[in-house]
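Below, each chain spelled out in residue letters.
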Amino acid sequence: MKKIAVLVSGSGTNLAALIQACENKTIKNGKISLVVSSNPDAYALQRAKLANIKTKTVDRQSFQSSRDFNKKLLEVLKEENPDLVVLAGFMCILEAEVTRYFKNKMINVHPSLIPAFCGKGFYGLRVHEAALKRGVKLAGATVHFVNEVADGGPIIMQKCVAVRPDDTPRSLQKRVMEEAEWVILPEVVSLICSEKIKIKNNITYIEV
Ligand code: GAR
């Protein structure tokens, strides 16, 4: 059974999808052993507690620099020694010290079809605001490995969602979560826990 640590900052609906997938065995060979929040008020922490999962908070606001925050986060993660770290709505920049330590063992869910609307400044609702402003007809989500480039690691899975003419950033965000993020994130976690994802020259392959 692989040990999974989930990093969160907000409402934690992706965490909820992972918890459910572990409970109903959609995620095979994996167990969430720790949830770490960068925000002491994140509702995600309540979801973890309700599911009897250990929680820790590394409050971004209480650190003067991103470097110090990353140091503490790495310390907490090293203590847990997870096989996989999942960024599920984690809104802090990770320094290379952390991403290198968890190379090929850390994944993120991003609410767009990377390489569109990703990188610095693109997170949460901002992604959907930018997509609607540009007039795209297809939106979606991406799960990718995390490296030192923001949203730049090898792509593992993507799912698209049609944009409707009357969409608002909120309505689009909701559909992208329901139809894409909550579907592909547990699927990828399950594949990784079963050691079915291989990476060659920065391209991922699913072993059948
Ligand atoms: C999700 O849409 C997630 O993809 C996004 O924030 C939301 C968090 O929701 N993450 C990012 O934008 C990271 N770049 P949740 O807390 O309910 O899972």
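Since we're looking at a predicted model, the values are computed, not measured. (Residues numbered from 1 in each chain as written. Predicted model: local features only at pLDDT ≥ 70, side-chain atom pairs only at ≥ 80, totals over all residues. Heavy atoms only, no water.)

Enquirer: Looking at this structure, I do not really get the overall build of the protein. What am I missing?
Expert: Scanning the protein for helices and strands turns up six helices and nine strands. What you see for the protein is a C-alpha radius of gyration of 16 Å, in line with the 17 Å of a compact globule of 208 residues. Viewed in the frame of its principal axes, the protein has a C-alpha envelope of about 50 × 45 × 35 Å. By residue count, 47% of the 208 residues in the protein fall in the buried class. Counting only contacts in the protein whose residues sit at least 6 apart along the sequence, the fraction spanning at least 24 positions is 63%. Carbon together with sulfur atoms contributes 50% to the accessible area of the protein, which is approximately 10,900 Å² in total. Once the 30 positive and 21 negative side-chain charges of the protein are each reduced to a mean point, those two points are 2 Å apart. (Helix = DSSP H or I, 4+ residues; strand = E, 2+ residues; numbered from the N terminus. Rg over C-alpha atoms; globule rule 2.2 N^0.38 Å. Buried < 20%, exposed > 50% of the residue type's maximum accessible area, 1.4 Å probe, protein only. Contact = heavy atoms within 4.5 Å. Areas by Shrake-Rupley, 256 points an atom, 1.4 Å probe, with all protein chains shown as cover. Lys, Arg positive; Asp, Glu negative; His and termini not counted. Charge placed at Lys NZ, Arg CZ, Asp CG, Glu CD.)

Enquirer: Please explain the site of the ligand as it appears in this structure.
Expert: Taken together, 13 residues lie near the ligand, and Ser-11, Gly-12, Thr-13, Gly-124 and Glu-181 sit nearest. His-110 places a polar side-chain atom, nitrogen or oxygen, 3.4 Å from a nitrogen atom of the ligand. Here an oxygen atom of the ligand and a backbone polar atom of Gly-124 are 2.8 Å apart. In the complex, the protein chains occlude 94% of the 450 Å² of accessible area that the ligand would expose alone. Only α1 (13-23), β5 (106-110) and α6 (169-193) provide two or more residues apiece to the shell around the ligand. By residue class, the composition of the shell around the ligand is five nonpolar, seven polar and one charged. (Near = heavy atom within 4 Å. Polar contact = N/O pair within 3.5 Å; in protein donor to acceptor, adjacent residues only side chain to side chain. Nonpolar A, V, L, I, M, F, W, Y, C, P; charged D, E, K, R; others polar.)

Enquirer: Would you explain the nonpolar core in this entry?
Expert: Nonpolar side chains in soluble globular proteins tend to be buried together. In this structure, Val-6, Leu-15, Ile-32, Val-86, Ile-107, Leu-185 and Val-189 are the most contacted members of the largest nonpolar core, which totals 39 residues. In terms of residues, this core owes the most to one element, α6, which gives 10 residues. Those residues in contact with Val-86 that lie beyond four places of it in its chain are Ile-4, Ala-5, Val-6, Leu-7, Leu-18, Ile-107, Leu-185 and Val-189. Ranked by size, the runner-up nonpolar core spans 19 residues in total, among them Val-36, Phe-69, Leu-77 and Cys-92. (Core = buried A, V, L, I, M, F, W, Y, C linked by side-chain atoms within 4.5 Å.)

Enquirer: Please explain helix α3 (residues 66-80) as it appears in this structure.
Expert: An α-helix turns once per 3.6 residues; consequently, residues spaced three or four apart project the same way. The end-to-end C-alpha distance of α3 is 21 Å, a good match for the 21 Å that 15 residues give at a rise of 1.5 Å each. Residues Phe-69, Asn-70, Leu-73, Leu-74, Val-76, Leu-77 and Glu-80 constitute the buried set of α3. For α3, the angular spread of buried residues about the axis comes to 165 degrees, placing them on one side. Away from the buried face of α3 by more than 90 degrees, exposed residues Arg-67 and Glu-79 are located. (Expected span 1.5 Å × (residues − 1). Arc of directions from axis to C-beta.)

Enquirer: How should I be thinking about the pairing of strand β9 (residues 203-206) in this particular structure?
Expert: If a strand is regular, its side chains alternate between the two faces of the sheet. Bridging between strand β8 (residues 197-200) and β9 involves four bridges; their strand directions are antiparallel. Paired with Ile-197 across the strands is Ile-206, a residue of β9. Counting the residues that bridge the hairpin from β8 to β9 gives two residues, and of these Asn-201 lies at a positive phi of roughly 50 degrees. (Pairing = 2+ DSSP bridges.)

Enquirer: Whenever I open this one, the packing of aromatic side chains confuses me. Can you help?
Expert: Working definition: an aromatic ring pair is given by the centre-to-centre distance plus the angle between the planes. A complete count under the given rule lists four aromatic pairs for this structure. Ring geometry for Phe-63 versus Phe-69: centroids 6.0 Å apart, planes at 70 degrees, classification edge-to-face. Residue classification places Phe-63 among the partly exposed residues on the basis of a relative accessible area of 22%. Connected via pairs of aromatic rings, a cluster forms that spans Phe-63, Phe-69 and Phe-90. (Phe/Tyr/Trp six-rings, centres within 6.5 Å; stacked < 30°, edge-to-face > 60°.)

Enquirer: Help me out: how do you make sense of the sheet that holds strand β2 (residues 30-37) in this one?
Expert: What holds strands together in a sheet is hydrogen bonding between their backbones, with the strands either parallel or antiparallel. Sheet architecture is open: seven strands sit in the order β3-β2-β1-β4-β5-β6-β7, paired in mixed fashion. With one partner strand each, in any of the chains shown, β3 (54-57) and β7 (155-162) form the two edges of the open sheet. Adjacent strand axes in the sheet meet at a mean angle of 20 degrees, parallel and antiparallel pairs treated alike. Note: β5 against strand β6 (residues 138-145), four bridges, orientation antiparallel. Its bridge partner lying in β6, Asn-108 is registered against His-144. Packing against the sheet, α1 makes contact with β1 (2-8), β2, β4 (84-87) and β5, and its axis sits at approximately 160 degrees to β2. (Axes fitted to C-alpha atoms, helices over the stretch in contact; angles between N-to-C directions.)

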